[in-house]
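# Structure at a glance
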Amino acid sequence: MIVTRFAPSPTGYQHLGHAFAAVTARDAARGGRFLLRMEDIDLARAKPEFELAVYEDLAWLGLHWEEPVLRQSSRFDAYRTALNQLDSLGLLYPCFCTRAEIAAEIVRASEAPHGPEGAHYPGTCRNLAVEIRAARIASGAPFALRLDVVKAAASVGPLSFVEEGRGPTGEHGTIAADPLLFGDIVLARKEIPTAYHLAVVVDDAYQGVTCVTRGNDLFAAAHVQRLLQALLDFPAPHYAHHRLILDAQGRKFSKRDKAATLRELRSRGETPQTICARFRN
Ligand code: GLU
């Protein structure tokens, strides 16, 4: 049976792009299970009113999902367990760098490799001497946890994932994973004991998701999420990335586009039918 999910971060009102993603994930389940997951790890930005608005908007659109909804803010213990597992494999290191220090180091090392999110982390803290690390931790300096991706990728060997939809440049079928694409990703932020890639992978496995349906702006993430699945011994879900619904300027909708929120469209007299009709264009 197919299990899909829609996994919004409740940090703003839902817009047309979210509605399209939710409806696409529901349809991709083809009568199987459709799950809704609140990606609310960023406790400072995820607001209860936005979460309630997600439920309301999706119900208004005619979607049904299983209860209870999994909220990532209730899953920090599970993320910690996964971090401990990766740490016991010797694949994590504490990173004390500030954003400004990373930016300065990237300028100094002008040949730093780049990925979909810009320059890779230059590796400043990867090779810190054990005593220096211990002293900094003891001094109470805040640190993130990064994955040593070269070491991690070498430990699992070549990986691939199955794309049932399309990536941004038409990627489809069995794709060779490039786990080094983002460099040494953060798996636990300084202020939050997890981070996006880790939480998604842990929860997709926990919820038995068989097909990750989401916008193709997250296609690249599959490369490194596949690595985390392999390291944590999780099954590899299939992926079905879909196109994005864009604004009149061809940009992704953002929180600033109040006019494209489902609330606003609804108040202007749109119905679930007229909204869904927009997706057929
Ligand atoms: N929470 C992410 C977002 O709102 C989606 C994560 C995913 O589908 O993997 O963009």
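Shown above is the structure to which this text applies.
Heads up: these notes are all about the structure in this document. (Residues numbered from 1 in each chain as written. Predicted model: local features only at pLDDT ≥ 70, side-chain atom pairs only at ≥ 80, totals over all residues. Heavy atoms only, no water.)

### Looking at the sheet that holds strand 7 (residues 144–147)
- Strands sit in the order 4-7-10 across an open sheet of three strands; the sheet is antiparallel. In this open sheet, the two edge strands, each paired with only one partner strand, are strand 4 (92–95) and strand 10 (186–188). Within this sheet the neighbouring strands show an average axis-to-axis angle of 45°, counted without direction.
- Relative to strand 7, strand 4 runs antiparallel, the two sharing four bridges. Bridge assignment links Tyr93 to a residue of strand 7, and that residue is Arg146. (Pairing = 2+ DSSP bridges. Helix = DSSP H or I, 4+ residues; strand = E, 2+ residues; numbered from the N terminus. Axes fitted to C-alpha atoms, helices over the stretch in contact; angles between N-to-C directions.)

### What about the environment of His114?
- Within the element layout of this structure, His114 appears in strand 5 (residues 114–115).
- Spatially, the C-alpha atoms of His114 and Ala195 are 20 Å apart, while their sequence positions differ by 81 residues.
- Among residues more than four places away in sequence, those in contact with His114 are Ala119 and His120. (Contact = heavy atoms within 4.5 Å.)

### Quick word on the environment of Gly167
- Relative to the assigned elements, Gly167 resides in the loop between strand 8 (160–163) and strand 9 (173–176).
- The spatial distance from the C-alpha of Gly167 to the C-alpha of Arg243 is 8.2 Å, given a sequence separation of 76 residues.
- Those residues in contact with Gly167 that lie beyond four places of it in its chain are Asn216 and Phe219.

### Looking at the site of the ligand
- Contacts to the ligand come from Arg5, Ala7, Ser9, Glu39, Tyr196, Val200, Arg214 and Leu218.
- At 2.8 Å from an oxygen atom of the ligand is found a side-chain nitrogen or oxygen belonging to Arg5.
- Here a nitrogen atom of the ligand and a backbone polar atom of Ala7 are 2.8 Å apart.
- Protein chains shield 77% of the accessible area of the ligand, which is 300 Å² for the free molecule.
- When the residues that make up the shell around the ligand are grouped by side-chain class, the tally is four nonpolar, one polar and three charged. (Near = heavy atom within 4 Å. Polar contact = N/O pair within 3.5 Å; in protein donor to acceptor, adjacent residues only side chain to side chain. Areas by Shrake-Rupley, 256 points an atom, 1.4 Å probe, with all protein chains shown as cover. Nonpolar A, V, L, I, M, F, W, Y, C, P; charged D, E, K, R; others polar.)

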